[in-house]
Structures are given as structure tokens and as C-alpha cells.
There are 2 protein chains.
Amino acid sequence: MNVIENTHPTEQCLKISQVLARIGDKWSLLIVGRLGGGPMRFGQLLRSIEDISQRMLTRTLRGLERDGLVRRTVVADLPPHVEYELTDLGRSLQAPVTVLSDWAANNLSAIDAARSSYDAADEA
Amino acid sequence: MNVIENTHPTEQCLKISQVLARIGDKWSLLIVGRLGGGPMRFGQLLRSIEDISQRMLTRTLRGLERDGLVRRTVVADLPPHVEYELTDLGRSLQAPVTVLSDWAANNLSAIDAARSSYDAADEA
DNA sequence: CCGCATCCTTTTAGATACTG
DNA sequence: CAGTATCTAAAAGGATGCGG
């Protein structure tokens, strides 16, 4: 067990924080999840995600591309279109996310229950 | 391999999104990380985390308490103080977070490199 | 010692309309 | 089809002072 005086956790946590700042927003993981099945076009993603605005999809894809998680390819068809797919780095993120996903699936109801009970106690 | 038409990923991802909405903010994981070493008092956390404002610490702790990840105990000392500690649910989150943490530690430099290279190409 | 309330500034997101 | 631009609404965050 760690004692309170240990110093390492903070550095580690700072790194997680930085990573979460990139992938932990409202849309990034949803997009990475959708892209897990293979390359998709902009319009496909837009229709597939439901509720995301065009602007947010553009912004989020740019961010993911900038961070090296997603590759953007312009296909010189007629009419031309754009394909997005995960990079190796992006795919390497899938395993950790799956672990978190499983925790989420198993504990979301517990969180919601705790929340309801907290809110109920709040009114008293 | 999944085909594009599969439907399950979206539900899963929605759950992750909801969980990330709770723990994926700027401070929650930092606090959970600090609390991993055992119970701490408000002022200890405040000094320990560096850069967090009193307001954000209060807000974040309330959120974690509401979600059942942290327990708040008022100690009737003189002067009285307050202790925070992880609940079982909070501790169960540590393992998934460690996986993500390891990924973060291993790939943060790759992300930063991708980012630099993207930004460099941007000016051309 | 703990933390709430208020005020104010900055950041982020959504709607809408328009371009190569 | 795949965006960009602009405007506005909402949320997050910091500073400060008060109260239990």
C-alpha cells in the first residue's frame, strides 16, 4: 500500500490527465469507437453518430488527426471524398478503452444509483 | 473484424462517454489518484494537487461523492475537519485507470510528436 | 479548518448560413 | 461532399469575501 507521502502518483496522474484532455471529451471516443470497424467517410460518421454537429465532427476529427490517432485521406474520386481511419496509435488505444468500457458497463448503474440516493438525501 | 454496419459499438461507447463525462474532467482522476494512498483531509488535497482552486476542489469532491466514488466524513475534532476517502466503487476504478495510465505514459510522447509534426506541416 | 455564494472572465459547444 | 465562418448560448474556471 502507498503511504500518503509518495510522490510518483502525481506525475502519473498528470499524464493521464493530459491524455484524458485529448480523448476524454464528449465525442472523441465515440468516433474512435465507430472507426474501430474500419475506414469511414465524413458523411457516414456524421449520420452514424447522431446528435453530433458538423462543426464538432470536423473539430474532433482534426484533433484526433493532430494527435496521430486518426489518418485523413482525400480520395480523388468524382466527386472526391474523404476517408478517416485509425492509425496504429489509434488502434493501440482500443484495448485500454475496452477495459474502461467494461468498467463503465458494469458500474454505470451503481453510479446512477449513488447519484439518485445522493440527490434524494439532498432534499431532506 | 467488425463490419461498418454493426450496431453494438455505439451503445458501449455511449456508456464510456457517460463515465468519462464524470471522471474524465480536469481534476477527478487526479483526486482519485491522490486518494489511492488513503484518506486525506481537504487542506491536504488542496496543497497536494497544486494549481487546483478551492472552488474546483470542492465542486469535484462533491461530484465524486455524488457518484459514489468518494466518501466524505466529518470528524468532530477540535477544530473539526473533514476526511475524504475512496469507496469500494472508487477503488474498483483504479485498475482500469491504471491501464489507461500505462497507455498514457507509453504513448504521450508519440502523441506530442504527432502534434508537433502536424503543427509544423500546418505552417507550410 | 472547511467550504458556500457571488461575481466575473474564458472556454466550449451548438445553430445557421455559406464556399471549393 | 466536405468543410469554413460567424454568431450566440452555455459551461468551466478563477478571485474574493462570508459563515459554520
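Small disclaimer: the values here were computed from a predicted structure and weren't measured. (Residues numbered from 1 in each chain as written. Chains lettered and ligands numbered in written order. Predicted model: local features only at pLDDT ≥ 70, side-chain atom pairs only at ≥ 80, totals over all residues. Heavy atoms only, no water.)

Draft legend 1. Examining the packing of helix H2 (residues 28–35) of chain B against helix H3 (residues 42–49) of chain B more closely. All names here are of chain B. Two elements in contact, H2 and H3, have axes whose closest approach is 11 Å; the angle formed by their N-to-C orientations is 115°. Remark: the crossing between H2 and H3 carries right-handed chirality. For the pair H2 and H3, contact is made by Leu 30, Ile 31, Arg 34 and Leu 35 and by Leu 45, Ser 48 and Ile 49, respectively. Taken together, the residues of the contact of H2 with H3 sort by class into five nonpolar, one polar and one charged. (Axes fitted to C-alpha atoms, helices over the stretch in contact; angles between N-to-C directions. Helix = DSSP H or I, 4+ residues; strand = E, 2+ residues; numbered from the N terminus. Left-handed = near helix turned anticlockwise from the far one by under 90°. Contact = heavy atoms within 4.5 Å. Nonpolar A, V, L, I, M, F, W, Y, C, P; charged D, E, K, R; others polar.)

Draft legend 2. Examining the protein's contact with DNA strand D more closely. Around DNA strand D, the structure places 15 residues, and the nearest of them are Gly 43, Gln 54, Arg 72 and Tyr 84 of chain A together with Arg 55 of chain B. At 2.8 Å from a phosphate oxygen of DNA strand D is found a main-chain nitrogen or oxygen belonging to Gly 43 of chain A. Here a base nitrogen of DNA strand D sits 3.0 Å away from a polar atom, N or O, in the side chain of Arg 55 of chain B. Those elements that place two or more of their residues in the surface near DNA strand D are helix H3 (42–49), helix H4 (54–66) and strand E3 (81–86) of chain A together with helix H4 (54–66) of chain B. For the surface near DNA strand D, the leading source of residues is H4 of chain A, giving four residues. Of the residues assigned to the surface near DNA strand D, the class counts are four nonpolar, five polar and six charged. (Near = heavy atom within 4 Å. Polar contact = N/O pair within 3.5 Å; in protein donor to acceptor, adjacent residues only side chain to side chain.)

Draft legend 3. Inspection of H2 of chain B at higher detail. Burial runs high along H2 of chain B: seven of the eight residues are buried. When H2 of chain B is considered as a whole, its buried residues turn out to be Ser 28, Leu 29, Leu 30, Ile 31, Val 32, Arg 34 and Leu 35 of chain B. (Buried < 20%, exposed > 50% of the residue type's maximum accessible area, 1.4 Å probe, protein only.)

Draft legend 4. Structural context of the side chain of Asn 107 of chain A. Here Asn 107 of chain A shows up in helix H6 (residues 94–122). Aside from chain neighbours lying at most four places away, what touches Asn 107 of chain A is Leu 89 and Ser 92 of chain B.

Draft legend 5. Summary view of the protein's contact with DNA strand C. The full set close to DNA strand C counts 16 residues, and Lys 26 of chain A together with Phe 42, Thr 58, Arg 62 and Tyr 84 of chain B are the nearest of them. Those atoms of DNA strand C that come within 4 Å of the protein belong to sugar or phosphate at a rate of 69%. With respect to DNA strand C, the side chain of Lys 26 of chain A contributes an N or O atom lying 2.8 Å from a phosphate oxygen. Arg 72 of chain B places a polar side-chain atom, nitrogen or oxygen, 2.9 Å from a phosphate oxygen of DNA strand C. The set of elements that each furnish at least two residues to the surface near DNA strand C consists of H4 of chain A together with H3, H4 and strand E3 (81–86) of chain B. It is H4 of chain B that provides the largest number of residues to the surface near DNA strand C, a total of four residues. Classifying every residue of the surface near DNA strand C gives five nonpolar, five polar and six charged.

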